[in-house]
Amino acid sequence: MALGFVDGDGYLDVAFANEFSLNQVCLGDGSGSFAPCSEITADQLLRSSSVSLGDLDGDGNLDATFANRVGDRNRVCLGDGNGGFPFCADVSAHTDSTQGVELGLVDGDDVLDAVFANVDENLVCLGDGRGGFASCEQVSDDMFATIWLALGELGSNLFADGFESGDTSAWSTAVP
């Protein structure tokens, strides 16, 4: 799940990635309750494992990026500022059973980018500023089966950290 101000009322909202049902957004009412909840996209049933919120198209509204598992393509859904996500599109052709997604400023151009934790290859997808991603590249040749991901900045370098499936060791790498 991811928290953010989705509908512009100043109350925190929550987006859910659901593996066995449709992804949802629940709008906060300011008293600790989240209602109503609605489907983020009804165009297909995805096996989503993670969601990250951020303004991908520069319109001031939060958009949702989903990591999808078992051959489903990762998706981005553009927010309308009223709690809805009327347009969704595939991020890339990579369908490597994605476990996680994080948004951040990877290449220094003030446009959000995405890092995906995949079973076969971890990807960095550079944002195009219009709600999509211009290109996706593998983070490193020596990382695979990543099940957890976080982005962070140390000084002027951006790092991705994660844990690999079946292993108790962590990896950390500078994001190109």
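Look a little higher up for the structure.
An account of the accompanying structure is given in this report. Model, not experiment: these values are computed from the prediction.

1. So, the nonpolar core
So, point 1. Ranked by internal contacts, the top residues of the largest apolar core, which has 15 residues, are I40, V51, L53, F66 and F85.
So, point 2. Only β3 (24–28), β5 (48–54) and β6 (63–68) provide two or more residues apiece to this core.
So, point 3. Once residues within four sequence positions are removed from consideration, F66 is found in contact with F16, A17, N23, I40, S48, S50, V51, N74, R75, C77, V101 and F116.
So, point 4. In this structure, V76, V101, A114 and L123 belong to the second largest nonpolar core, which totals 13 residues.

2. Digging into the sheet that holds strand β10 (residues 113–118)
So, point 1. The sheet built from four strands is open, its strands ordered β9-β10-β11-β12 with antiparallel pairing. One side of each edge strand has no neighbouring strand; the edge strands of this open sheet are β9 (98–104) and β12 (133–138). Shown here is a sheet whose adjacent strand axes are inclined to one another by a mean of 20°, direction ignored.
So, point 2. Pairing geometry for strand β11 (residues 123–127) and β12, over five bridges, is antiparallel. Its bridge partner being in β12, C125 is matched across the sheet by C136.

3. Thoughts on the pairing of strand β4 (residues 34–39)
So, point 1. Sheet topology places β3 next to β4; four bridges connect them, and they run antiparallel. Across the sheet, the residue bridging to V25 is S38, located in β4.
So, point 2. In textbook terms, the turn of a hairpin is the stretch between consecutive antiparallel strands, and for β3 and β4 this stretch comprises five residues, one of which, G30, has a positive phi near 90°.

4. Details of the sheet that holds β5
So, point 1. Taken in spatial order, the four strands make up an open sheet running β5-β6-β7-β8, and their pairing is antiparallel. With partners counted over all chains shown, the strands left at the sheet margins are β5 and β8 (87–90), one partner each. Shown here is a sheet whose adjacent strand axes are inclined to one another by a mean of 20°, direction ignored.
So, point 2. Pairing between β6 and strand β7 (residues 75–78): three bridges, direction antiparallel. Paired with F66 across the bridge in β7 is R75.

Cut-offs used in this document
- Residues numbered from 1 in each chain as written.
- Predicted model: local features only at pLDDT ≥ 70, side-chain atom pairs only at ≥ 80, totals over all residues.
- Heavy atoms only, no water.
- Core = buried A, V, L, I, M, F, W, Y, C linked by side-chain atoms within 4.5 Å.
- Buried < 20%, exposed > 50% of the residue type's maximum accessible area, 1.4 Å probe, protein only.
- Helix = DSSP H or I, 4+ residues; strand = E, 2+ residues; numbered from the N terminus.
- Contact = heavy atoms within 4.5 Å.
- Pairing = 2+ DSSP bridges.
- Axes fitted to C-alpha atoms, helices over the stretch in contact; angles between N-to-C directions.

Function cannot be read off these values alone, since they describe shape.
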